[in-house]
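The residues making up each chain are set out below.
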Amino acid sequence: MRVLVLGGDGYLGWPTALHLSDVGHEVAVLDNFVRRQYDHEMGVQSLVPIEPLQARLDVWHEVSGKRLPAFIGDLVDGEFVLETLRKFRPDAIVHFAEQRSAPYSMIDRKHAVYTQHNNVVGTLNLLFAIAETDPDIHLVKLGTMGEYGQPNIDIEEGYIEIEHKGRRDTLPFPKLPGSLYHCSKVHDSTNIHFACRTWGLRATDLNQGVVYGIETDETAGDERLITRFDYDELFGTVLNRFCLQAVIGHPLTVYGSGGQTRGFLNIRDTLQCVELAVANPAEAGEFRVFNQFTEQFSVLGLAELVKAAAEHLGYSVQIDHVDNPRVEKEEHYYNAIHTKLLDLGLKPTLLGEELVESMIHAIERYKGQVIESSIDPRTRWNPGEPVQL
(Lines give C-alpha, C1' and ligand atoms only; values in the text may rest on other atoms or scores of the structure.)
Protein backbone atom coordinates (compact mmCIF):
# COMPACT_ATOMS: atom_id res chain seq x y z
CA MET A 1 0.00 0.00 0.00
CA ARG A 2 1.22 3.52 -0.79
CA VAL A 3 1.16 5.61 2.41
CA LEU A 4 1.94 9.31 2.75
CA VAL A 5 2.94 10.35 6.29
CA LEU A 6 2.30 14.03 6.98
CA GLY A 7 4.54 15.50 9.67
CA GLY A 8 7.04 12.78 8.88
CA ASP A 9 9.92 14.62 10.59
CA GLY A 10 8.18 14.77 13.99
CA TYR A 11 8.15 12.84 17.26
CA LEU A 12 5.48 10.39 16.06
CA GLY A 13 5.56 10.94 12.30
CA TRP A 14 9.18 9.87 11.85
CA PRO A 15 9.00 6.49 13.68
CA THR A 16 5.59 5.85 12.09
CA ALA A 17 7.06 6.30 8.61
CA LEU A 18 9.91 3.91 9.42
CA HIS A 19 7.57 1.32 10.90
CA LEU A 20 5.15 1.38 7.97
CA SER A 21 8.10 1.07 5.61
CA ASP A 22 9.53 -1.79 7.66
CA VAL A 23 6.28 -3.81 7.50
CA GLY A 24 6.16 -3.51 3.71
CA HIS A 25 4.29 -0.36 2.72
CA GLU A 26 5.61 2.07 0.11
CA VAL A 27 6.01 5.21 2.21
CA ALA A 28 6.69 8.89 1.54
CA VAL A 29 6.99 11.68 4.10
CA LEU A 30 5.88 15.30 4.02
CA ASP A 31 7.02 18.06 6.37
CA ASN A 32 7.71 21.81 6.50
CA PHE A 33 10.17 21.62 9.46
CA VAL A 34 8.15 24.07 11.53
CA ARG A 35 8.48 21.83 14.59
CA ARG A 36 12.22 22.44 14.51
CA GLN A 37 11.51 26.17 14.23
CA TYR A 38 9.44 26.10 17.45
CA ASP A 39 12.61 25.01 19.27
CA HIS A 40 14.48 28.08 18.03
CA GLU A 41 11.54 30.34 18.80
CA MET A 42 11.11 29.13 22.39
CA GLY A 43 14.77 28.45 23.24
CA VAL A 44 14.24 24.73 23.80
CA GLN A 45 15.50 21.58 22.11
CA SER A 46 14.99 17.86 21.90
CA LEU A 47 16.88 16.03 24.64
CA VAL A 48 18.33 13.69 22.02
CA PRO A 49 20.03 15.30 19.03
CA ILE A 50 18.12 14.56 15.83
CA GLU A 51 19.58 14.44 12.35
CA PRO A 52 18.28 16.57 9.46
CA LEU A 53 15.47 14.82 7.60
CA GLN A 54 17.50 14.04 4.49
CA ALA A 55 20.29 12.53 6.60
CA ARG A 56 17.71 10.38 8.42
CA LEU A 57 16.27 9.21 5.12
CA ASP A 58 19.74 8.33 3.86
CA VAL A 59 20.44 6.29 7.01
CA TRP A 60 17.13 4.44 6.64
CA HIS A 61 18.09 3.59 3.05
CA GLU A 62 21.48 2.41 4.31
CA VAL A 63 20.06 0.09 7.01
CA SER A 64 16.89 -1.10 5.28
CA GLY A 65 17.57 -0.77 1.57
CA LYS A 66 14.35 1.28 1.24
CA ARG A 67 14.17 4.82 -0.08
CA LEU A 68 11.45 7.13 1.29
CA PRO A 69 10.62 10.11 -0.93
CA ALA A 70 10.25 13.45 0.87
CA PHE A 71 7.87 16.28 -0.03
CA ILE A 72 8.86 19.56 1.61
CA GLY A 73 6.09 22.10 2.01
CA ASP A 74 3.16 23.37 4.06
CA LEU A 75 -0.41 22.00 4.20
CA VAL A 76 -1.64 25.60 4.46
CA ASP A 77 -0.53 25.89 0.79
CA GLY A 78 -3.46 24.19 -0.94
CA GLU A 79 -1.78 23.98 -4.34
CA PHE A 80 1.23 22.22 -2.81
CA VAL A 81 -1.04 19.68 -1.13
CA LEU A 82 -2.93 19.00 -4.34
CA GLU A 83 0.27 18.60 -6.36
CA THR A 84 1.79 16.25 -3.76
CA LEU A 85 -1.22 13.93 -3.89
CA ARG A 86 -1.16 13.94 -7.68
CA LYS A 87 2.53 13.01 -7.70
CA PHE A 88 2.56 10.31 -5.02
CA ARG A 89 -0.97 8.89 -5.50
CA PRO A 90 -1.32 7.48 -1.97
CA ASP A 91 -3.78 4.79 -0.95
CA ALA A 92 -3.70 6.10 2.63
CA ILE A 93 -2.59 9.32 4.31
CA VAL A 94 -1.44 9.42 7.94
CA HIS A 95 -1.88 12.97 9.18
CA PHE A 96 0.41 14.10 12.04
CA ALA A 97 1.16 17.53 10.54
CA GLU A 98 -0.35 19.86 13.12
CA GLN A 99 0.85 22.10 15.95
CA ARG A 100 0.41 19.60 18.79
CA SER A 101 0.96 21.52 22.02
CA ALA A 102 -1.87 22.77 24.22
CA PRO A 103 0.43 25.14 26.19
CA TYR A 104 1.90 26.57 22.95
CA SER A 105 -1.62 27.42 21.78
CA MET A 106 -2.28 29.26 25.06
CA ILE A 107 0.83 31.48 25.14
CA ASP A 108 -1.04 34.48 23.72
CA ARG A 109 -3.40 35.57 20.94
CA LYS A 110 -0.73 35.21 18.25
CA HIS A 111 0.02 31.58 19.11
CA ALA A 112 -3.67 30.71 19.50
CA VAL A 113 -4.53 32.14 16.08
CA TYR A 114 -1.52 30.46 14.49
CA THR A 115 -2.49 27.07 15.96
CA GLN A 116 -6.07 27.29 14.74
CA HIS A 117 -5.09 28.55 11.27
CA ASN A 118 -2.29 26.01 10.81
CA ASN A 119 -4.29 23.01 11.99
CA VAL A 120 -7.76 23.72 10.63
CA VAL A 121 -6.79 25.27 7.29
CA GLY A 122 -4.15 22.61 6.61
CA THR A 123 -6.64 19.81 7.16
CA LEU A 124 -9.28 21.56 5.05
CA ASN A 125 -6.80 21.83 2.19
CA LEU A 126 -6.06 18.13 2.57
CA LEU A 127 -9.76 17.19 2.46
CA PHE A 128 -10.31 19.16 -0.74
CA ALA A 129 -7.19 17.64 -2.31
CA ILE A 130 -8.37 14.10 -1.47
CA ALA A 131 -11.82 14.81 -2.89
CA GLU A 132 -10.33 16.19 -6.11
CA THR A 133 -7.60 13.59 -6.72
CA ASP A 134 -9.05 10.33 -5.33
CA PRO A 135 -11.97 10.17 -2.85
CA ASP A 136 -11.02 6.54 -2.14
CA ILE A 137 -7.85 7.60 -0.24
CA HIS A 138 -8.17 6.58 3.41
CA LEU A 139 -7.34 9.47 5.74
CA VAL A 140 -5.93 8.36 9.11
CA LYS A 141 -5.97 11.53 11.19
CA LEU A 142 -4.39 12.03 14.60
CA GLY A 143 -7.02 13.45 16.91
CA THR A 144 -6.86 13.62 20.69
CA MET A 145 -8.71 12.35 23.73
CA GLY A 146 -8.58 15.97 24.87
CA GLU A 147 -11.46 16.73 22.51
CA TYR A 148 -13.83 15.08 25.00
CA GLY A 149 -12.72 16.86 28.16
CA GLN A 150 -13.71 15.19 31.43
CA PRO A 151 -17.49 14.64 31.34
CA ASN A 152 -19.23 13.03 34.29
CA ILE A 153 -20.26 10.07 32.11
CA ASP A 154 -18.34 7.32 30.31
CA ILE A 155 -16.60 8.56 27.16
CA GLU A 156 -17.66 6.48 24.16
CA GLU A 157 -15.64 6.02 20.97
CA GLY A 158 -16.68 9.02 18.94
CA TYR A 159 -20.46 8.58 19.06
CA ILE A 160 -23.21 8.29 21.66
CA GLU A 161 -26.79 7.04 21.38
CA ILE A 162 -29.21 9.70 22.61
CA GLU A 163 -32.86 9.41 23.59
CA HIS A 164 -34.63 12.76 23.73
CA LYS A 165 -38.37 13.37 24.02
CA GLY A 166 -39.20 9.87 22.83
CA ARG A 167 -36.85 9.85 19.83
CA ARG A 168 -33.44 8.22 19.47
CA ASP A 169 -30.36 8.99 17.39
CA THR A 170 -26.63 8.24 17.32
CA LEU A 171 -24.67 11.49 17.37
CA PRO A 172 -21.06 12.61 17.79
CA PHE A 173 -20.05 12.48 21.44
CA PRO A 174 -20.20 15.98 23.04
CA LYS A 175 -16.88 17.81 23.01
CA LEU A 176 -15.43 19.88 25.87
CA PRO A 177 -11.91 20.75 24.64
CA GLY A 178 -9.46 21.94 27.27
CA SER A 179 -7.31 24.38 25.25
CA LEU A 180 -7.36 26.27 21.98
CA TYR A 181 -5.19 23.52 20.50
CA HIS A 182 -7.84 20.98 21.50
CA CYS A 183 -10.48 23.26 19.97
CA SER A 184 -8.61 23.04 16.66
CA LYS A 185 -8.83 19.26 16.84
CA VAL A 186 -12.58 19.45 17.43
CA HIS A 187 -12.90 21.69 14.36
CA ASP A 188 -10.89 19.14 12.36
CA SER A 189 -13.21 16.33 13.45
CA THR A 190 -16.26 18.34 12.44
CA ASN A 191 -14.79 19.14 9.04
CA ILE A 192 -13.66 15.57 8.35
CA HIS A 193 -17.05 14.20 9.39
CA PHE A 194 -18.71 16.66 7.02
CA ALA A 195 -16.43 15.60 4.14
CA CYS A 196 -17.22 11.93 4.75
CA ARG A 197 -20.99 12.51 4.92
CA THR A 198 -21.11 14.91 2.01
CA TRP A 199 -18.33 13.88 -0.38
CA GLY A 200 -18.13 10.17 0.42
CA LEU A 201 -14.58 10.31 1.78
CA ARG A 202 -13.29 7.64 4.17
CA ALA A 203 -11.50 8.60 7.38
CA THR A 204 -10.37 7.26 10.74
CA ASP A 205 -9.96 9.74 13.60
CA LEU A 206 -7.45 8.41 16.14
CA ASN A 207 -8.34 10.15 19.39
CA GLN A 208 -4.97 9.55 20.98
CA GLY A 209 -4.11 9.72 24.66
CA VAL A 210 -0.81 10.98 26.05
CA VAL A 211 2.19 9.28 24.42
CA TYR A 212 5.36 8.38 26.31
CA GLY A 213 8.61 6.71 25.32
CA ILE A 214 11.67 7.32 23.22
CA GLU A 215 12.57 4.18 21.26
CA THR A 216 10.87 1.93 18.72
CA ASP A 217 12.15 -1.22 17.06
CA GLU A 218 13.19 0.76 13.99
CA THR A 219 14.81 3.77 15.70
CA ALA A 220 16.66 1.58 18.23
CA GLY A 221 18.64 -0.04 15.43
CA ASP A 222 20.79 3.02 14.71
CA GLU A 223 21.24 6.12 16.90
CA ARG A 224 21.02 8.32 13.81
CA LEU A 225 17.39 7.22 13.39
CA ILE A 226 16.26 8.23 16.88
CA THR A 227 13.16 10.41 17.17
CA ARG A 228 12.97 13.62 19.17
CA PHE A 229 12.29 13.64 22.93
CA ASP A 230 10.68 16.72 24.48
CA TYR A 231 10.68 17.51 28.19
CA ASP A 232 9.96 21.26 28.32
CA GLU A 233 6.72 22.75 29.66
CA LEU A 234 5.35 23.40 26.17
CA PHE A 235 5.95 20.13 24.33
CA GLY A 236 7.06 17.59 26.94
CA THR A 237 4.33 15.08 27.79
CA VAL A 238 3.95 14.38 31.49
CA LEU A 239 5.60 10.96 31.87
CA ASN A 240 8.54 11.90 29.64
CA ARG A 241 8.96 15.07 31.70
CA PHE A 242 8.81 13.25 35.04
CA CYS A 243 11.43 10.70 33.95
CA LEU A 244 13.77 13.48 32.83
CA GLN A 245 13.24 15.39 36.07
CA ALA A 246 14.08 12.30 38.12
CA VAL A 247 17.36 11.84 36.25
CA ILE A 248 18.58 15.43 36.69
CA GLY A 249 17.44 15.81 40.30
CA HIS A 250 14.63 18.26 39.56
CA PRO A 251 11.46 17.84 41.66
CA LEU A 252 8.62 16.16 39.76
CA THR A 253 6.26 19.02 38.92
CA VAL A 254 2.71 17.83 39.62
CA TYR A 255 0.22 20.50 38.58
CA GLY A 256 -2.22 21.15 41.42
CA SER A 257 -3.52 18.09 43.28
CA GLY A 258 -2.46 15.70 40.50
CA GLY A 259 -5.87 14.05 40.31
CA GLN A 260 -6.14 14.81 36.60
CA THR A 261 -6.70 11.45 34.89
CA ARG A 262 -5.96 10.72 31.24
CA GLY A 263 -5.41 7.84 28.84
CA PHE A 264 -1.79 6.92 28.06
CA LEU A 265 0.05 4.73 25.57
CA ASN A 266 3.59 3.79 24.68
CA ILE A 267 5.07 5.19 21.47
CA ARG A 268 5.39 1.63 20.15
CA ASP A 269 1.64 1.21 20.56
CA THR A 270 1.02 4.38 18.55
CA LEU A 271 2.81 2.67 15.65
CA GLN A 272 0.69 -0.46 16.13
CA CYS A 273 -2.52 1.56 16.13
CA VAL A 274 -1.67 3.45 12.96
CA GLU A 275 -0.63 0.24 11.22
CA LEU A 276 -3.94 -1.40 12.19
CA ALA A 277 -5.95 1.59 10.99
CA VAL A 278 -4.13 1.65 7.65
CA ALA A 279 -4.54 -2.10 7.14
CA ASN A 280 -8.28 -1.97 7.99
CA PRO A 281 -9.62 1.13 6.22
CA ALA A 282 -12.92 2.85 6.88
CA GLU A 283 -15.73 2.39 4.38
CA ALA A 284 -16.54 5.03 1.77
CA GLY A 285 -18.55 7.76 3.47
CA GLU A 286 -17.56 6.54 6.96
CA PHE A 287 -16.04 8.77 9.63
CA ARG A 288 -14.67 6.22 12.09
CA VAL A 289 -13.41 7.16 15.56
CA PHE A 290 -11.00 5.08 17.65
CA ASN A 291 -10.00 6.07 21.19
CA GLN A 292 -6.27 5.37 21.01
CA PHE A 293 -4.81 4.61 24.43
CA THR A 294 -4.10 1.53 26.51
CA GLU A 295 -4.24 2.58 30.20
CA GLN A 296 -5.54 5.37 32.43
CA PHE A 297 -3.46 7.09 35.11
CA SER A 298 -3.68 10.16 37.27
CA VAL A 299 -0.82 12.66 37.11
CA LEU A 300 0.03 12.01 40.77
CA GLY A 301 -0.09 8.25 40.16
CA LEU A 302 2.48 8.64 37.39
CA ALA A 303 4.71 10.78 39.61
CA GLU A 304 4.60 8.12 42.33
CA LEU A 305 5.43 5.40 39.78
CA VAL A 306 8.43 7.37 38.46
CA LYS A 307 9.60 8.10 42.01
CA ALA A 308 9.51 4.41 42.92
CA ALA A 309 11.33 3.33 39.74
CA ALA A 310 13.98 6.04 40.02
CA GLU A 311 14.61 5.34 43.70
CA HIS A 312 15.07 1.66 42.82
CA LEU A 313 17.91 2.83 40.56
CA GLY A 314 19.47 4.90 43.35
CA TYR A 315 18.01 8.35 42.63
CA SER A 316 16.57 10.59 45.32
CA VAL A 317 13.26 11.95 44.04
CA GLN A 318 10.98 14.68 45.38
CA ILE A 319 7.39 15.32 44.23
CA ASP A 320 6.31 18.98 44.27
CA HIS A 321 2.70 20.11 43.87
CA VAL A 322 2.96 23.40 41.95
CA ASP A 323 0.31 25.97 41.14
CA ASN A 324 -1.66 24.62 38.17
CA PRO A 325 -1.14 26.90 35.15
CA ARG A 326 -4.13 25.31 33.38
CA VAL A 327 -7.85 25.73 33.86
CA GLU A 328 -8.98 22.12 34.32
CA LYS A 329 -10.69 19.75 36.70
CA GLU A 330 -8.15 18.28 39.10
CA GLU A 331 -10.51 15.72 40.64
CA HIS A 332 -13.03 14.16 38.27
CA TYR A 333 -14.68 11.03 36.96
CA TYR A 334 -12.90 9.54 33.95
CA ASN A 335 -13.76 6.31 32.17
CA ALA A 336 -13.11 6.21 28.43
CA ILE A 337 -14.05 3.25 26.24
CA HIS A 338 -11.23 1.97 24.01
CA THR A 339 -12.15 -1.37 22.48
CA LYS A 340 -12.07 -0.89 18.71
CA LEU A 341 -8.29 -1.08 18.27
CA LEU A 342 -8.12 -4.02 20.66
CA ASP A 343 -10.72 -5.74 18.48
CA LEU A 344 -8.45 -5.16 15.46
CA GLY A 345 -5.54 -6.85 17.25
CA LEU A 346 -3.73 -4.19 19.29
CA LYS A 347 -1.41 -5.81 21.83
CA PRO A 348 -0.79 -3.16 24.51
CA THR A 349 2.58 -2.34 26.03
CA LEU A 350 1.64 -1.87 29.68
CA LEU A 351 3.40 0.64 31.91
CA GLY A 352 5.25 -0.51 35.01
CA GLU A 353 8.42 0.20 36.97
CA GLU A 354 10.57 -1.88 34.61
CA LEU A 355 9.49 0.15 31.58
CA VAL A 356 10.00 3.42 33.47
CA GLU A 357 13.49 2.26 34.43
CA SER A 358 14.29 1.57 30.75
CA MET A 359 13.18 5.12 29.88
CA ILE A 360 15.38 6.50 32.65
CA HIS A 361 18.39 4.57 31.33
CA ALA A 362 17.77 5.98 27.83
CA ILE A 363 17.54 9.52 29.22
CA GLU A 364 20.75 9.14 31.24
CA ARG A 365 22.81 9.02 28.05
CA TYR A 366 21.75 12.55 27.10
CA LYS A 367 21.25 14.32 30.45
CA GLY A 368 24.06 16.75 29.66
CA GLN A 369 21.85 18.25 26.93
CA VAL A 370 19.10 19.40 29.33
CA ILE A 371 18.01 23.06 29.37
CA GLU A 372 16.65 23.05 32.92
CA SER A 373 15.13 26.53 32.70
CA SER A 374 12.59 25.23 30.14
CA ILE A 375 11.00 22.67 32.48
CA ASP A 376 8.90 24.63 34.99
CA PRO A 377 5.43 25.78 33.85
CA ARG A 378 5.22 29.40 32.68
CA THR A 379 2.32 29.43 30.24
CA ARG A 380 -1.02 30.35 31.83
CA TRP A 381 -4.49 29.45 30.56
CA ASN A 382 -5.62 32.80 32.04
CA PRO A 383 -3.40 35.50 30.48
CA GLY A 384 -1.62 37.79 32.91
CA GLU A 385 -1.80 35.54 35.98
CA PRO A 386 1.59 34.89 37.65
CA VAL A 387 2.76 31.33 38.19
CA GLN A 388 3.56 30.31 41.78
CA LEU A 389 6.37 27.73 41.78
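Cut-offs used in this document
- All chains use their own residue numbering, which begins from 1 and follows the written sequence.
- Given that the model is predicted, a residue must reach a pLDDT of at least 70 before its local features are reported, and side-chain atom pairs must reach 80 or more before they are shown or counted; all residues, however, enter totals for whole chains, interfaces and linings.
- Calculated side-chain values reflect all of the structure's heavy atoms, with hydrogen atoms and water omitted.
- In this analysis, a patch consists of residues with relative accessible area above 30% that form no salt bridge, clustered at 9 Å for like charges and at 5 Å for the nonpolar side chains Val, Leu, Ile, Met, Phe, Trp and Tyr.
- Here, Shrake-Rupley sampling with a 1.4 Å probe gives the accessible areas, and only protein chains in the shown set may cover a residue.
- Every case where a carboxyl oxygen of Asp or Glu lies within 4 Å of a side-chain nitrogen of Lys or Arg is listed as a salt bridge.
- In this text, helices come from DSSP runs of H or I with a minimum length of four residues, and strands from runs of E with a minimum of two, each type numbered from the N-terminal end.
- Two residues qualify as a contact provided that any one of their heavy atoms is within 4.5 Å of a heavy atom in the partner residue.
- Each axis is a line fitted through C-alpha atoms, and for a helix only the stretch in contact is used; angles between axes span 0 to 180 degrees, taken between their N-to-C directions.
- For classification purposes, an angle smaller than 35 degrees is called roughly parallel, one larger than 145 roughly antiparallel, one from 65 to 115 roughly perpendicular, and anything else oblique.
- When the near helix sits turned anticlockwise from the far one by under a right angle, the crossing is termed left-handed; a clockwise turn instead gives a right-handed crossing.
- A cavity here means a set of points on a 1 Å grid, drawn over the protein atoms and nothing else, where a 1.4 Å probe fits but cannot get out; a pocket is an open set with protein on both sides within 12 Å along at least five of seven lines, and a residue lines either one if it has an atom within 4 Å of a point.
- Grid points are joined across faces, edges and corners, and a volume is the space filled by probe spheres set on the points.
- Amino acids outside the nonpolar list (Ala, Val, Leu, Ile, Met, Phe, Trp, Tyr, Cys, Pro) and the charged list (Asp, Glu, Lys, Arg) are all regarded as polar, and Gly is one of them.
- Paired strands, in this sense, are two strands between which DSSP finds at least two bridges.
- Think of it in three bands: with a 1.4 Å probe and only protein chains considered, a residue is buried below 20% of the maximum accessible area for its type, exposed above 50%, and partly exposed in between.
- Polar contacts, as used here, are pairs of N or O atoms within 3.5 Å; protein pairs need one atom able to donate a hydrogen and one able to accept it. Residues neighboring in sequence count only if both atoms are side-chain atoms.
- In this description, a disulfide is simply a cysteine sulfur pair whose atoms lie within 2.5 Å.

Chemist: How would you sum up a nonpolar patch on the surface? Please name residues and give values.
Modeler: A contiguous nonpolar surface patch, about 370 Å² in accessible area, is contributed by L124, F128, F194 and W199. Contributions of two or more residues to the nonpolar patch are made by α6 (109–133) and α7 (180–199). With respect to the helices and strands, the residue L124 is situated in helix α6.

Chemist: Give a detailed account of the side chain of S21, specifying residues and quantitative values.
Modeler: Structurally, S21 can be placed in helix α1 (residues 13–22). When neighbours within four sequence positions are excluded, S21 is seen to be in contact with V27, W60, K66 and L68.

Chemist: How would you sum up the packing of α1 against helix α3 (residues 53–64)? Please name residues and give values.
Modeler: Across the interface, α1 lies against α3 with an axial gap of 12 Å and an inter-helix angle of 25°. Between α1 and α3, the angle is such that the two are roughly parallel. Taken as a pair, α1 and α3 cross one another with a handedness that is right-handed. Contacts between α1 and α3 involve W14, L18, S21 and D22 from the former and L53, R56, L57 and W60 from the latter.

Chemist: Lay out the layout of surface pockets in plain terms, naming residues and giving numbers.
Modeler: In this model, the second largest pocket occupies a volume close to 170 Å³. Looking at the second largest pocket, the residues that line it are R36, D39, H40, Q45, S46, V48, P49, I50, R228 and Q369. Among the residues forming the lining of the second largest pocket, the class breakdown is 3 nonpolar, 4 polar and 3 charged.

Chemist: Explain the sheet that holds strand β13 (residues 295–298) to me, and be specific about the residues and the numbers.
Modeler: Ordered by their spatial adjacency, 3 strands build an open sheet running β9-β11-β13, and the pairing between neighbours is mixed. Edge strands, defined here as strands with exactly one partner in the open sheet, are β9 (210–212) and β13. Across this sheet, the average inter-strand angle for adjacent strands is 45°, counted without regard to direction. Two strands pair when backbone bridges link them, and strand β11 (residues 261–266) and β13 are joined in this way by 4 bridges, in the antiparallel orientation. When the bridges of β13 are listed, G263 appears paired with Q296. Sheet strands in contact with helix α9 (residues 267–279) are β9 and β11, and its direction is about 80° off that of β11.

Chemist: Give a description of unusual backbone geometry that names residues and reports values.
Modeler: For F33, which is not glycine, the phi torsion reads 65° and is therefore positive. For F33, a relative accessible area of 27% translates into the label partly exposed. Of note in this structure, K165 is not a glycine but carries a positive phi near 55°.

Chemist: Explain helix α4 (residues 78–88) to me, using residue names and the numbers behind them.
Modeler: Along α4, the residues that are buried comprise F80, V81, L82, T84, L85 and F88. Buried residues along α4 sit in contact with β1 (2–6), β2 (26–31), β3 (70–72), β4 (92–95) and α6. Of the residues that open α4, the one with a side-chain oxygen 3.2 Å from the backbone nitrogen of E79 is D77. One or two residues past the end of α4 sits R89, with phi positive at roughly 55°.

Chemist: Explain the state of the cysteines to me, using residue names and the numbers behind them.
Modeler: In total, this model carries 0 disulfides according to the counting rule given. We note that C273 lacks a disulfide partner, and the nearest cysteine sulfur, in C196, lies 20 Å from it. Looking at C273, the relative accessible area reads 1%, which means it is buried.

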